[in-house]
Amino acid sequence: MSLFDKFQNTATLYNSLLEETGRDPFGVSMDEMKGPTRAMVKGKEIVLAGTNNYLGLTYDDAAIAAAKEALEQSGTGTTGSRFANGTYAGHRQLEEDLAAFLGYKHCMVFSTGYQANLGAIAALAQPPHDVILIDADCHACIYDGCQLSGAETIRFRHNDPTSLDKRLSRLGDDVKGKLVCFEGMYSMFGDVAPVKELVEVAHKHGAYALLDEAHSFGVFGDHGRGVCERDGVLDDVDFYTGTFSKSLASIGGFVASNHPELEFLRFSSRPYMFTASPSPANIAAASAALARLKADDSMRTALWDNAKRVHAAFTQLGFDLAAPMSPVIAVKLSGREEAFMAWNFLMEHGVYVNLAIPPGTPNATSILRLSVSAAHTNEDLDAIINAYTALSELLSEKAAHA
Amino acid sequence: MSSIQEDDDLVFRKICSLIEPLNDKGAKLTRDTDLIADLEIDSVAVLDVVMDIEDNYDISIPVNTISEMKTIGELVDAIHAIKKEQS
């Protein structure tokens, strides 16, 4: 018995798929970036259609200028945690700006979105008397937050308020705190939660609602405040979590709330206290991107226009799509092998998307996840649609021969 | 005693019927069958089977408990314990 035996099954599967295509979908190196939607990979220019760059702000002039200035002014790194020497004026200012933008009283900035969920959940729910209820399709960081918390964790059926209601009704009288966790838009399929109904069910049972808008912040709602803005329940969410690494084109994460007790997390949340704070340049870039997001709706309009165009084209091509139209457009394939082959085919045709296979996907589905950006040009979209058209022809041919 | 055994058998059969669609290798299902090692069902699929069991028996089985269960027999025993506790 060795430490490594447990990896054997996955390694065998991985290697056999790798041998067939000669490319590693989980180890792609963007050798040289050419802009928000293009990169050089192995000497070839590729259209990036598997990112989370929803508003396309990674090369925004204002964000780059702000990051440069912060770098010159405040140095390359903080070398310490928020809890110690790692809180600069920029960190505080960004917390205030996010709280003001979302209309909450309090906000905490973490080093990544992963740590924001991890830190909030682990600190809020504690065994033996608190219970966490999570949507079955929640991101790994929510699952990991539950594990770090150690509190009893119960899954409810994905996007199903009735299933949540049943599970909350079953809880015994000895349960003290109840925390319900779910997301706005889910990252893999791009499907959107019935946020209003879930918040209502949680509150009916005296539970707190934690909503992760990582993929929907900047994307949904009239002002880009997320699915809860669209559904008119922004004020009812107890804990709003988000990230800087998607619409805000930087790295870092946050938790916002109207509960003054959020401030207690600053000295009880281990993923906040025991890691270095985001670098000044990351904070400055996120702040500048937030200002752009507030001032300019045209990026969101462009994003949705692009999403509509790609979704309509894929529907016409007859692809099996995982969810209704949104900026994440996932094509379902028959299994791991076909998904691997299709991913490789798209790379050969100059388009990078995300390959996602079980257990990283719900319902044992193998998908190609495409995410649209406001920065995609018509030329980019043409390249994407042409590559998928060729893929659809290949798949039909294969099906005819089978 | 006999009624417990009968119930035990019913729960066992219910679980087997939920697992059978995932039993690609056609392995014989017994109390000692290990879901992940013997049937190669991935961890998320195990959670989904448990979700069906929860709705079938109107009980909640915490994720924390599931991670400790390896075999069908352990799952059967856990359901009995939780049914008793939550009824």
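Please refer to the structure higher up on the page.
Just so it is clear, the model here is predicted, and its values are computed rather than measured.

Cut-off values and rules
Residues numbered from 1 in each chain as written. Chains lettered and ligands numbered in written order. Predicted model: local features only at pLDDT ≥ 70, side-chain atom pairs only at ≥ 80, totals over all residues. Pairing = 2+ DSSP bridges. Helix = DSSP H or I, 4+ residues; strand = E, 2+ residues; numbered from the N terminus. Axes fitted to C-alpha atoms, helices over the stretch in contact; angles between N-to-C directions. Contact = placed C-beta atoms within 7 Å. Nonpolar A, V, L, I, M, F, W, Y, C, P; charged D, E, K, R; others polar.

A. View of the sheet that holds strand 9 (residues 239–243) of chain A. All names here are of chain A. Taken in spatial order, the seven strands of this open sheet run 4-10-9-8-7-5-6, and their pairing is mixed. The sheet is open, and its two edges are formed by strand 4 (106–110) and strand 6 (152–156), each paired on a single side. Going from strand to strand, the sheet's axes swing by 20 degrees on average, the running direction of each strand aside. Pairing of strand 7 (residues 178–183) with strand 8 (residues 208–212) involves five bridges; the strand directions are parallel. Within strand 8, the residue paired with Glu183 across the bridge is Asp212.

B. Region of interest: the interface of chain B and chain A. In this assembly, eleven residues from chain B lie in contact with twelve residues from chain A. If you list the elements that add at least two residues to the side of chain B that touches chain A, you get helix 2 (43–57) and helix 3 (63–66) of chain B. With five residues, helix 2 of chain B is the single largest residue contributor to the side of chain B that touches chain A. Across the side of chain B that touches chain A, the residue classes tally to six nonpolar, four polar and one charged.

C. Structural view of the sheet that holds strand 14 (residues 366–371) of chain A. All names here are of chain A. The strand order across the open sheet built from three strands is 11-14-13, with neighbouring strands paired in antiparallel fashion. A single partner strand is all that each edge strand has here, and the edge strands are strand 11 (328–333) and strand 13 (354–356). Direction aside, the axes of adjacent strands within the sheet are offset by 25 degrees on average. One ladder, built from three bridges, connects strand 13 with strand 14; its direction is antiparallel.

The quantities given are spatial measurements derived from coordinates; they are silent on function.
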